[in-house]
Protein chains: 2
Amino acid sequence: MKKQKITIHDISKALKIDSSTVSRALNDSSRVSLKTKQKILDKAEELGYQRNILASNLRTNKTNTIGVIVPRISRSFFSSVISGIEDTAQNSGYNVIICQSFESFEREKKIMNTLLSNRVDGVLISISMQTTSFDYLKPYLDYGGPIVFYDRPCSFENCSSISVNDYKASYTVTEHLIQSGCKNIVHFAGPQIIDLYKNRKQGYVDAIINNGLEFKESYCFESKLAEEDGVAFAKKIISMENIDGVYSSNDTAAIGAMQYLKFMGVKIPEDIAVAGFNNDPISSVIEPGLTTINQPDFEMGKIAANMLIEQIKNETTNKESKVLDVELIIRNSSQKN
Amino acid sequence: MKKQKITIHDISKALKIDSSTVSRALNDSSRVSLKTKQKILDKAEELGYQRNILASNLRTNKTNTIGVIVPRISRSFFSSVISGIEDTAQNSGYNVIICQSFESFEREKKIMNTLLSNRVDGVLISISMQTTSFDYLKPYLDYGGPIVFYDRPCSFENCSSISVNDYKASYTVTEHLIQSGCKNIVHFAGPQIIDLYKNRKQGYVDAIINNGLEFKESYCFESKLAEEDGVAFAKKIISMENIDGVYSSNDTAAIGAMQYLKFMGVKIPEDIAVAGFNNDPISSVIEPGLTTINQPDFEMGKIAANMLIEQIKNETTNKESKVLDVELIIRNSSQKN
């Protein structure tokens with residue numbers, strides 16, 4: 001005889017407890033008292049009850065999984081943030097699945113669909129450089145899942161965000177270059193549709209003006225900040241002749257520029273001082289060492305995951321914006337004197 | 001009046017076509033002719049049929065999603081492999097979800113459970129440094145999902161694998177160090193429970209012996225090849241006095257060693273020549289440039305994804321082992337003469 005499959009209703013009948021309470025207890029809901037929960041779990045074990053995970057997801061919408069959308073895992077800043085996320089998630093009993101947008105809005109939209117189909121309990125997202133509209137997030141929010149923006153903050157509905165003080169960081173590093181003797185500093189800016197890069201540019205602009213130098217829009221080069229962009233900008237800088245400083249919105253482009261400048265015999269920092277942003281591992285290996293901004297990336301991941309898990313557990317969305325401070329790391333690439 | 005939800009059975013009834021055929025057509029199965037499929041899709045649209053994706057997954061087991069298990073996304077080799085995987089997956093209409101094991105067997109097992117719950121169509125896995133038993137993969141294989149091992153090949157049931165010729169690569173780089181004048185070469189070996197690192201060590205051993213040098217087990221240092229391991233080994237090397245060459249199983253540890261040796265005033269390559277493995281971006285930035293092995297990482301990802309998608313589409317498991325060739329990149333760190 002084929003063994004009959006034990007259902008929630010069998011447990012309910014055996015204990016004379018409502019089946020919805022049994023279901024909640026088996027899904028570890030806080031709405032059932034510990035005593036009742038224990039009684040139900042004991043009976044479930046006694047009867048040989050086995051959960052059907054996928055069917056259970058349909059009912060309870062709990063998968064203990066967090067989805068992370070990241071522009072590119074190959075950027076060391078993002079992989080450190082994700083390490084922080086995984087650290088907190090692991091300690092709280094959540095699994096993490098990671099999806100890359102490759103800075104494409106189309107892929108970001110597809111990923112959101114996948115995460116919704118997979119019924120992840122919450123989503124951490126750093127939007128792509130192309131993303132300007134957020135309506136694609138609505139189905140997930142309607143479904144009841146919380147979303148937290150990390151690194152690239154956005155103001156959208158009830159979503160929280162965590163980022164660093166990009167304006168202040170930029171102001172500080174630009175002022176450092178000025179104090180080191182630079183008078184004509186170019187800025188490698190990221191895409192200005194992203195708040196983060198806008199804030200970094202503004203910090204640069206204000207530091208230039210407040211320190212009595214002349215701000216020139218022609219000194220700002222906008223790009224996606226790939227290494228090749230840094231190389232292309234370095235070529236431009238050499239043709240400009242009077243440039244004595246570079247502040248790049250990331251280390252990747254700064255290092256591309258440094259490699260080309262060194263190759264062309266330009267002395268760093270004597271001829272041109274250079275500073276970056278991110279404190280990538282490579283910034284301490286290149287010679288001279290690259291002055292840069294150290295972001296609390298691992299910490300940011302931990303806090304972002306905590307904010308999200310809090311919302312998942314409380315079934316509330318609690319809009320808040322956290323801004324973390326950064327640290328200027330001075331190395332030889334910027335010290336003219 | 002509440003609108004009645006349209007089901008597969010309504011379409012079946014309206015067209016007098018078997019409901020299992022309707023279901024197959026709606027899931028784009030190749031077992032239904034294009035003509036019938038179009039008829040069914042038209043009727044579905046006419047009636048206002050809406051698929052319940054999650055319930056549909058329960059029936060058809062197709063999610064168009066591939067799961068990738070990776071030891072660490074922060075290693076540039078792995079992030080390039082994943083870029084290759086995503087490139088192929090994207091072109092074939094598959095989404096990719098990435099999970100990190102952090103080289104932990106426990107996490108790897110949990111991830112497999114998550115991927116099974118999410119009903120991914122196939123899994124690409126590079127096993128953790130702790131993994132020696134593969135029984136945890138059985139439930140997923142029983143479920144019918146194909147698995148392909150990449151980079152760290154394993155012989156397990158019907159699973160395919162793709163890797164590079166580690167033995168040959170190691171032999172080549174060790175012989176290059178000998179030809180460059182090294183007589184006492186130490187080897188930074190990875191965990192010997194992993195075939196890949198065993199093969200790399202064997203290539204080193206054979207090159208030493210076949211070139212008339214004496215192989216000494218005391219010249220082999222085993223570790224997880226983190227940067228700190230490289231630093232620790234460099235300290236050891238300095239105390240050994242007669243060492244004139246280092247061959248590290250990855251660039252990360254090689255660079256840790258180079259940084260410490262340079263700091264201690266050891267001249268590279270004059271006093272000690274160094275070679276690594278992986279061609280990480282950092283290997284061309286450090287001075288002197290690090291001689292290393294370039295693996296076709298992006299290519300490996302593309303081929304691995306192709307092997308997997310082929311199996312998903314054909315619903316067959318076809319055990320095959322592909323081995324890719326590598327390239328020796330000679331930079332200044334190894335050229336004594």
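Residues numbered from 1 in each chain as written. Chains lettered and ligands numbered in written order. Predicted model: local features only at pLDDT ≥ 70, side-chain atom pairs only at ≥ 80, totals over all residues. Heavy atoms only, no water.

- Looking at an unreviewed UniProt entry, one finds chain A named LacI family transcriptional regulator and attributed to Seonamhaeicola sediminis.

### Observations regarding the interface of chain A and chain B
Then comes step 1: The interface of chain A with chain B comprises 33 residues on the first partner and 33 residues on the second.
Then comes step 2: Counting the surface lost from both chain A and chain B, the interface buries some 3100 Å², and carbon and sulfur atoms represent 57% of this.
Then comes step 3: Between chain A and chain B we count four salt bridges in total.
Then comes step 4: Of the charged contacts, one joins Glu 287 of chain B and Lys 262 of chain A as a salt bridge, the two residues approaching to 2.5 Å between their closest N and O atoms.
Then comes step 5: For the pair chain A and chain B, the number of links is ten residue pairs in polar contact (both at pLDDT 80 or more).
Then comes step 6: Elements with a minimum of two residues in the side of chain A that touches chain B: α4 (53–60), α5 (76–91), β2 (95–100), α6 (105–117) and α11 (251–263) of chain A.
Then comes step 7: Of the residues contributing to the side of chain A that touches chain B, the split by class is 15 nonpolar, twelve polar and six charged. (Contact = heavy atoms within 4.5 Å. Buried area = accessible area lost by both parts, 1.4 Å probe. Salt bridge = Lys/Arg side-chain N within 4 Å of Asp/Glu carboxyl O. Polar contact = N/O pair within 3.5 Å; in protein donor to acceptor, adjacent residues only side chain to side chain. Helix = DSSP H or I, 4+ residues; strand = E, 2+ residues; numbered from the N terminus. Nonpolar A, V, L, I, M, F, W, Y, C, P; charged D, E, K, R; others polar.)

### With respect to the relation of the copies chain A and chain B
Then comes step 1: For the pair chain A and chain B, the superposition axis carries a translation of 0.0 Å, the fit reaches an RMSD of 0.2 Å, and the rotation angle comes to 179°. Considering both components of the superposition, the chain copies are consistent with a two-fold axis. Considering only C-alpha atoms, the residue of chain A closest to the rotation axis is Ile 98 of chain A, which sits at 2.4 Å.
Then comes step 2: A share of 100% of the interface residues of chain A reappears at the interface of chain B, consistent with the copies meeting face to face through the same patch. (Least-squares fit on C-alpha atoms with pLDDT ≥ 70 in both.)

### Side note on the environment of Ser 249 of chain B
Then comes step 1: Inspection of the secondary structure puts Ser 249 of chain B in the loop between β8 (245–248) and α11 (251–263).
Then comes step 2: Each residue touching Ser 249 of chain B, except ones within four places of it in the same chain, is listed here: His 187, Phe 188, Ala 189, Gly 190, Tyr 197, Arg 200, Leu 225 and Phe 277 of chain B.

### Here's the deal with the confidence of the model for chain A
A low pLDDT means the predicted coordinates there should not be read in detail.
Then comes step 1: Per-residue pLDDT for chain A averages 90, and the proportion of residues at 70 or more is 95%.
Then comes step 2: Confidence metrics for the complex model read pTM 0.77 and ipTM 0.75. (pLDDT = per-residue confidence, 0-100.)

### Notes on the sheet that holds strand β8 (residues 245–248) of chain A
Residues and elements named next belong to chain A.
Then comes step 1: In space, the four strands of this open sheet follow the order β7-β6-β8-β9, with parallel pairing throughout. Two strands close off the open sheet at either side, each with one partner strand: β7 (220–222) and β9 (273–275). Averaged over all neighbouring strand pairs, the angle between strand axes comes to 15°, with direction disregarded.
Then comes step 2: With four bridges joining them, strand β6 (residues 185–189) and β8 adopt parallel strand pairing. Within β8, the position partnered with Ile 185 by the bridge is Gly 245.
Then comes step 3: Sitting on the sheet, helix α8 (residues 166–179) is in contact with β6, β8 and β9, with an inclination near 170° to β8.
Then comes step 4: Each of β6, β7 and β8 is contacted by helix α9 (residues 195–210), which is oriented at about 165° to β6, the strand it contacts most. (Pairing = 2+ DSSP bridges. Axes fitted to C-alpha atoms, helices over the stretch in contact; angles between N-to-C directions.)

### Topic: the domain arrangement of chain A
Then comes step 1: Taken as a whole, chain A is organised into domain 1 (8–51), domain 2 (65–163 + 297–325) and domain 3 (166–294).
Then comes step 2: Relative to domain 2 of chain A, the C-alpha centre of domain 1 of chain A lies at a distance of 33 Å. (Domains from an automatic or database assignment.)

### A word on the packing of α8 of chain A against α9 of chain A
Residues and elements named next belong to chain A.
Then comes step 1: At a minimum axis separation of 7 Å, α8 and α9 run at an interaxial angle of 40°. When the axes of α8 and α9 are compared, the pair comes out oblique. The hand of the α8/α9 crossing is right-handed. Contacts between α8 and α9 involve Asp 166, Tyr 167, Ser 170, Tyr 171, Thr 174, Glu 175 and Ile 178 from the first element and Leu 196, Asn 199, Arg 200, Gln 202, Gly 203, Tyr 204, Asp 206, Ala 207, Ile 208 and Asn 210 from the second.
Then comes step 2: A class-by-class count of the residues in the contact of α8 with α9 yields seven nonpolar, six polar and four charged. (Parallel < 35°, antiparallel > 145°, perpendicular 65-115°, else oblique. Left-handed = near helix turned anticlockwise from the far one by under 90°.)

### Things to note about a nonpolar patch on the surface
Then comes step 1: Together, Ile 238, Phe 263 and Met 264 of chain A line one region of the surface with nonpolar side chains, adding up to about 320 Å² of accessible area.
Then comes step 2: Turning to its location among the elements, Ile 238 of chain A is positioned in helix α10 (residues 227–240). (Patch = residues over 30% accessible without salt bridge, like charges linked within 9 Å, V, L, I, M, F, W, Y side chains within 5 Å. Areas by Shrake-Rupley, 256 points an atom, 1.4 Å probe, with all protein chains shown as cover.)

### Remarks on the sheet that holds strand β6 (residues 185–189) of chain B
All names here are of chain B.
Then comes step 1: Pairing within the open sheet is parallel, and its four strands lie in the order β7-β6-β8-β9. Edge positions in the sheet fall to β7 (220–222) and β9 (273–275), since each of these pairs with one other strand and no more. Along the sheet, successive strands turn relative to each other by an average axial angle of 15°, direction set aside.
Then comes step 2: Across the sheet, helix α8 (residues 166–179) lies against β6, β8 and β9, angled at about 170° from β8, the strand it touches most.
Then comes step 3: Against the sheet, α11 makes contact with β6, β8 and β9, and its axis sits at roughly 155° relative to β9, the strand it touches most.

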